[in-house]
Amino acid sequence: MRREKYDCIVVGAGHAGCEAALACARLGCSTLILTQNLDTIGLMSCNPAVGGIGKGQLVKELDVLGGIMAQLTDRAGIHFRQLNTSKGRAVRSSRVQVDRQLYRQLLRAELEKTANLTIYHRLVTRVLVRNKTAIGVETELGDRFYGKTVIIAPGTFLSGLVHIGFVNFPAGRLGEAPANQLSENLRALGFRLGRFKTGTPPRLDIRTVDLKKIQVQPGDEPPHPFSFWTTSPPANQALCYITYTTPKTHQIVKTGLKSSPLYTGIIKGRGVRYCPSIEDKVVKFPERERHHIFIEPEGRNTIECYPNGISTSLPIEIQEKMVHSIPGLEHCRLMRPGYAIEHDYADPTQLYPTLETRLIKNLYFAGQINGTTGYEEAAVQGLIAGISAARRVKEKTPFVLTRADGYIGVLIDDLITRGTDEPYRMFTARVEYRLLLREDNADLRLGPKGYEIGLLAEEHYRKIKEKQKMFQETVAWLKKTAVKPSPRINRFLKSKNTTPLKEATLAIELLRRPELTWQDIATMVPVAPPIPESIQDLVEVEVKYEGYINRTRRQIAELNRLENIHIPATIDYNLIPGLSTEAKEKLNRIRPRSLAQAQRIPGITPSAIFALTVFLEGKNEFNSTACRTGIVLP
């Protein structure tokens, strides 16, 4: 029987597992990654794309903390777009279609060339525990691998069950076995497990799609790279297309509901609210005459394409009728059926902010096991779990990101504080401080942390410092450079539909005008600093939204003040006067680490926070406590 020892053991080689393993290994830990199929390492199980609204911000933050997803996306990318460009800077997000097979190959190659990292083809059946501490894992072959830390990142494989019509069978993905024993083991260890559902559409033969009938969706020109560290300009190598469902489509779906496992009660798990199946769209939005369908290529060397927008678990014959009712798809061939998959997840309120479990020391959960959906959400959790496990091995202080630090901090705080009763998807709307936590400044915000951790290369950190210096020098130039009125200047300003000058005006005041851009300022002055587009955009945002940004910074300062009022891990909430039974139950279950986190727990009232504050500080400091925290007893 094999008995190898490692610093970190990672179970699963999806996006969470791969980022976790790479982080552990690159931080100097001997790392083992176990997967039941070496050929599907880093496979994109669903849509062949990275990024999206809110998701792009996650990947940008992952990139500057030392993750690999953004760099591989640029190398495998075939169609690059910026989303929400007509909206404010705070909600603009990147999305890239990728060659999914090339992405998988690149990620596996990255793992294989990484020092300190071993890969084995194994199915893990249980976590080995001694004295409430994880010490390793056991596989279906009876192997035992021992580790100082264990990260579980199983994706949808925990008791996975695939549904196509009334046909259902155990699988973690179509054609791959589930991890039933590991799920049973986690439940036996005391973890609260639930059931979620996700799904995927059928795959189509692009040669059988009538492209003349549907709308072309080209990529941006020039395309912008996803990673801050990509030096070679990416290229758009494929087109995407847009078509729509029709009333006939909806009627076919309605007729098929009697054969839908989703609407006949066969599927028990809660589905993704913000990425509904076509069955849900038709039932829940009956007023809609049509729904978008994005025809997305799966790669450069394949005829398969992905019809984003018609995820389904209907029987295959109904899937065919439905697809053939859509303009441009009347004669297309379905290469793979769409299906739904149910899987177990663990209540994420059982985690610390480091993603270590509260029940078992040195055991970490990452990805869909925590109730999330999406490659991006999984990848950032993997990175944080990997960093946390490595720092535990090296006996370093925990690394925690707050809601004020970035989208990653918001995601983790939402999960561990509020939990989730449906698959969690990141959106910009979830982020209170999104004006500060943008894609364009992710490197300035989190790059220094990535460098301090040890995952960000010296050359990348040097670029960040250069960017910061250039930004500061440009703002200083704007503050000291005056633009004097002249016939030429005023004609130019009128052409931009903005007020002409009557007296000399600082360039920074002109840039605050919504009608003017950096390029306009550069046109009005004799010599402007030669700065790249990325700095121009950064300067424009910081100058135009200075008032909002300063207000947000004040809000963050208040948040940080409350985050610094720590709650002892051993506190007994049952002993605190003034707390309701509901508040005691929730506080005992979540075990918030700070007053700020306690405030964010659903159902915790201001009076409960006041009672907790008084208890923490002592009754003799009643007045000073209330003043310092700004809490007013209702």
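See the structure shown above.
To keep things clear, this report deals only with the structure shown in the data block. Keep in mind it's a predicted model, so treat the numbers as computed, not measured.

### Regarding helix α3 (residues 69-76)
Reasoning step 1: Burial of α3 is extensive: six of the eight residues sit out of reach of the surface.
Reasoning step 2: Among the residues of α3, those classed as buried are M69, A70, L72, T73, D74 and A76.

### Observations regarding the packing of helix α11 (residues 442-453) against helix α12 (residues 458-480)
Each pair of packed helices gets described by two things: the angle between the helix axes and the distance between those axes.
Reasoning step 1: Packing of α11 against α12 brings their axes to within 10 Å, and their N-to-C directions diverge by 145°. Here α11 and α12 pass one another in a crossing that is left-handed. Contacts from D443, L444, G447, P448 and Y451 in α11 reach E458, Y461, I464, K467 and Q468 in α12.
Reasoning step 2: Tallied by class, residues from the contact of α11 with α12 come to five nonpolar, two polar and three charged.

### Regarding empty space enclosed by the protein
Reasoning step 1: Counted by the stated rule, this structure contains three cavities of 30 Å³ or more.
Reasoning step 2: Here the largest cavity defines a volume of roughly 70 Å³.
Reasoning step 3: Lining the largest cavity are P353, I384, F399, V400, L401, T402, G409, I412, D413, I416 and R593.
Reasoning step 4: Of the residues in the lining of the largest cavity, the class split is seven nonpolar, two polar and two charged.
Reasoning step 5: Estimates place the volume of the second largest cavity at around 50 Å³.
Reasoning step 6: Contributions of two or more residues to the lining of the second largest cavity are made by β4 (77-83) and β5 (93-98).
Reasoning step 7: Looking at which element gives the most residues to the lining of the second largest cavity, the answer is β4, with three residues.

### What about the layout of surface pockets?
The method is simple in principle: a probe with the dimensions of a water molecule rolls over the atoms, and the space it marks as empty is what remains.
Reasoning step 1: Of the voids in this model, the second largest pocket is the one considered here, and its volume is about 1200 Å³.
Reasoning step 2: Surrounding the second largest pocket, 34 residues form its lining, K60, H224, P225, S534 and D537 being those nearest its centre.
Reasoning step 3: Going through the elements one at a time, α12 and α16 (533-544) are the ones with two or more residues in the lining of the second largest pocket.
Reasoning step 4: Here the lining of the second largest pocket is composed, by residue class, of twelve nonpolar, nine polar and 13 charged.

The rules behind the values
Residues numbered from 1 in each chain as written. Predicted model: local features only at pLDDT ≥ 70, side-chain atom pairs only at ≥ 80, totals over all residues. Heavy atoms only, no water. Buried < 20%, exposed > 50% of the residue type's maximum accessible area, 1.4 Å probe, protein only. Helix = DSSP H or I, 4+ residues; strand = E, 2+ residues; numbered from the N terminus. Axes fitted to C-alpha atoms, helices over the stretch in contact; angles between N-to-C directions. Left-handed = near helix turned anticlockwise from the far one by under 90°. Contact = heavy atoms within 4.5 Å. Nonpolar A, V, L, I, M, F, W, Y, C, P; charged D, E, K, R; others polar. 1 Å grid on protein atoms, 1.4 Å probe; cavity = no way out; pocket = protein on both sides within 12 Å on 5 of 7 lines; lining within 4 Å. Points joined across faces, edges and corners; volume = space filled by probe spheres on them.

Honestly, that's just the spatial picture; any functional story needs more than this.
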